Amino acid sequence: MLNTLLIVEDEALFGSELTRHYRKAGWEVEWAKDLKEARELLLEHDFEPLLILSDMNLPDGNVLDFMESLQGQVVNTEWLLLTGYGSVPDSVRALRLGAYDFLEKPCEMARLDLVVAAAARSVQAQKRLAQQVRQRFRRYSPEAYVGKSRATQRVREMLARLTRVPFSALIIGGETGTGKGLVARILHYGGKRAENPLIELNCAALPRELLESELFGHEAGAFTGALARHRGLFEQAEGGTLFLDEIGEMSPDLQSKLLKAIEDRKIRRLGSEKEISVDVQILAASHRDLEGMVRRGEFRGDLYHRLSVFKLTLPPLREIKEDLEELVELFVAEFNAKAGKHVKVVPEAAWAELRAHDWPGNVRELRNVIERCVLFAEGPQLPAEWLQLRRNDARGMPADDTATADGVFIPLDGSMALDDMDCYIIRTTLERHDGNVTAAARALGATRETLRYRIRKYGLKESS
Ligand SMILES: Nc1ncnc2c1ncn2[C@@H]1O[C@H](COP(=O)(O)OP(=O)(O)OP(=O)(O)O)[C@@H](O)[C@H]1O
């Protein structure tokens, strides 16, 4: 498609020179000799210019008043203003109205070309961004949470409701792979904050000190290694949403700082006295039983109650097997498109296996299994031999026969969460050393303190 340019210029000679010049350079150009003509082109003839190159003063008015009168009606365009000598005082107002740049008349064509090219790039980037946001809106509507079971329908209804109301915090619960991340995206992109940032942070991924400076930011010199000022994620998410995954892993003192930030709607960067107001919606997710953690004193009750004004708990796949059909269809279509395959039929034998499986890794495990099958498919039939669904003895634990004498087998197919793997390795090592922490720590290359901390974290037993 041609780049489109609207020239608004009353000087006949200059106007026709500009028109000729840019047509020759490949632009589709319209030339309006006053603001009335420009308005007609923009609003009545639906001319959608990438760029408007306009003189400041036209016979029927000033272009800044014109820009103001059009606010919101002409989008995805940049304004480039040509000013006569001495009209610079208007520049503040022009910039406020969104003008891209000024050039003083008379100006050299070569310079004008450079500014025009830069402005065009700027609009194209804006258009791409707007397109991506639109795609996300579509991708993350409540309908993106697929399934026909009653429980899934209820979650979808809740999502539709929640995207219409302003809420400050919410907890998303559910086992690993049940769609907590997907739900967070639906809540953000389906709601009023969609055009502002969604910032995700996995609280289990960072050590405590780093987590604090990631969240709240720091001033230069706040601690060793803090060379420059850093805006924390609260500030980066301004106007939008902060998705705190694995919130159960956050240390208690950081939990109280988080609670204060949510209640006061203010944060303070590390090493700074100044409070900064923030407007951020918090979505907190955990696959752990936060209520139980509160009862055991492992998670702050006040933070939990502040966050759980609204609570969404996502069902595990083994309880909503009616959803398998729609989910399988969704993932087959997704991987057909990604891999250029044409799988159309899921044989009855495959359905039987899919229905019989317990799905410890939930929808993520299903998605991984379907991906593997579609990638290995030779024709229109889903190859059941690639389902390779293991029998699981305990949820999230590999079958015993997969452990070897001096090692353990860990499946990397999404069926086990990282925490479950950690817990499984520690439990197996302890069992092999009759619960002796010193011996188990040696075998794992860890200190006794580290191992004790994790034994407590996972509620495992050591010999007394
Ligand atoms: N109901 C659903 N409909 C469509 N896709 C789903 C659904 N539930 C989960 N998924 C997909 O399954 C995958 C895993 O989901 P997601 O990452 O959101 O899980 P999670 O609960 O955040 O996992 P974890 O606790 O391990 O972070 C994603 O690709 C997600 O889009």
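These numbers come from a predicted model, not from an experiment. (Residues numbered from 1 in each chain as written. Predicted model: local features only at pLDDT ≥ 70, side-chain atom pairs only at ≥ 80, totals over all residues. Heavy atoms only, no water.)

### Some thoughts on the domain arrangement of the chain
Taken as a whole, the chain is organised into domain 1 (4-136), domain 2 (141-313), domain 3 (317-386) and domain 4 (400-457). For domain 2 and domain 4, the distance between their C-alpha centres works out to 30 Å. (Domains from an automatic or database assignment.)

### Remarks on the side chain of threonine 241
Among the structural elements, threonine 241 can be located in strand β12 (residues 241-245). Relative accessible area serves as the criterion here: at 0%, threonine 241 is assigned to the buried category. Of the polar contacts made by the side chain of threonine 241, one reaches the side chain of histidine 188; its length is 2.7 Å. Polar side-chain contacts of threonine 241 include one of 3.0 Å to the side chain of glutamine 281. In this structure, threonine 241 is in contact with His188, Arg193, Pro197, Leu198, Ile199, Val280, Gln281 and Leu283, ignoring residues within four places of it in sequence. (Helix = DSSP H or I, 4+ residues; strand = E, 2+ residues; numbered from the N terminus. Buried < 20%, exposed > 50% of the residue type's maximum accessible area, 1.4 Å probe, protein only. Polar contact = N/O pair within 3.5 Å; in protein donor to acceptor, adjacent residues only side chain to side chain. Contact = heavy atoms within 4.5 Å.)

### Some thoughts on the packing of aromatic side chains
Inspection of every chain in the model, using the stated rule, returns six aromatic pairs. Ring geometry for tyrosine 140 and tyrosine 189: centres 5.6 Å apart, planes at 20°, overall stacked. Placement of the pair is tyrosine 140 in the loop between α5 (109-139) and α6 (150-162) and tyrosine 189 in helix α7 (residues 180-189), with a sequence separation of 49 residues. The two residues tyrosine 140 and tyrosine 189 agree in class, both being buried. Relative to phenylalanine 234, the ring of phenylalanine 216 has its centre 5.6 Å away and its plane inclined at 10°; by these criteria the two rings are stacked. In this pair, phenylalanine 216 is assigned in helix α8 (residues 208-216) and phenylalanine 234 in helix α9 (residues 233-236), connecting sequence segments 18 residues apart. Across the pair, phenylalanine 234 and phenylalanine 216 agree in class, each one buried. (Phe/Tyr/Trp six-rings, centres within 6.5 Å; stacked < 30°, edge-to-face > 60°.)

### Thoughts on the UniProt feature "domain: Sigma-54 factor interaction" (unreviewed entry) in the chain
Annotation from UniProt places "domain: Sigma-54 factor interaction" (unreviewed entry) at residues 145-375. When the span residues 145-375 is considered, its composition is 44% helix and 15% strand, and the gap between its end C-alpha atoms is 24 Å. (UniProt positions renumbered as here; feature names shortened; annotations may be inferred.)

### Re the UniProt feature "modified residue: 4-aspartylphosphate" (unreviewed entry) in the chain
The UniProt feature table records "modified residue: 4-aspartylphosphate" (unreviewed entry) at Asp55. The class of aspartate 55 is buried, set by a relative accessible area of 7%. Excluding anything up to four places from it in sequence, aspartate 55 contacts Val8, Glu9, Asp10, Val63, Leu82 and Lys105.

### Some details on the nonpolar core
Ranked by size, the top nonpolar core spans 32 residues in total, and within it Phe234, Leu242, Leu244, Ile282 and Leu307 carry the most contacts. Among the elements that line this core, the one with the most residues is helix α10 (residues 252-264), at five residues. Ignoring anything within four residues of it in the chain, the contact list for leucine 244 reads Leu201, Cys203, Leu215, Leu258, Ile282, Leu283, Ala284 and Ala285. (Core = buried A, V, L, I, M, F, W, Y, C linked by side-chain atoms within 4.5 Å.)

### Describing the site of the ligand
Within the structure, the ligand sits among 18 residues, and Val146, Thr176, Lys180, Gly181 and Arg364 are positioned closest to it. Backbone polar atom of valine 146 to a nitrogen atom of the ligand: 2.9 Å apart, as the coordinates give it. Take glycine 181: an N or O atom from its main chain is 2.9 Å from an oxygen atom of the ligand. When isolated, the ligand has an accessible area of 630 Å², and the protein chains bury 84% of it. Sorting the residues of the shell around the ligand by element identifies α7, α13 (324-339) and α15 (362-376) as the ones contributing at least two each. Looking at the shell around the ligand residue by residue, the classes come out as eight nonpolar, five polar and five charged. Per-domain counts for the shell around the ligand show at least three residues from each of domain 2 (141-313) and domain 3 (317-386). (Near = heavy atom within 4 Å. Areas by Shrake-Rupley, 256 points an atom, 1.4 Å probe, with all protein chains shown as cover. Nonpolar A, V, L, I, M, F, W, Y, C, P; charged D, E, K, R; others polar.)

### Re the packing of helix α2 (residues 35-44) against helix α3 (residues 63-70)
Interhelical geometry of α2 versus α3 gives an angle of 25° and a closest axis separation of 11 Å. As summarised for this structure, α2 and α3 are arranged roughly parallel, according to the angle between their axes. Like other packed secondary-structure pairs, α2 and α3 cross with a definite hand, here right-handed. In this structure, α2 contributes Leu35, Ala38, Arg39, Leu42 and Leu43 to the contact, and α3 contributes Val63, Phe66, Ser69 and Leu70. Here the residues of the contact of α2 with α3 are counted per class, giving seven nonpolar, one polar and one charged. (Axes fitted to C-alpha atoms, helices over the stretch in contact; angles between N-to-C directions. Parallel < 35°, antiparallel > 145°, perpendicular 65-115°, else oblique. Left-handed = near helix turned anticlockwise from the far one by under 90°.)

### A word on the environment of valine 63
Tracing the backbone through its elements, the reader meets valine 63 in helix α3. Here valine 63 falls in the buried class, since its relative accessible area comes to 0%. When the C-alpha positions of valine 63 and threonine 163 are compared, they lie 39 Å apart, and in sequence the two are 100 residues distant.

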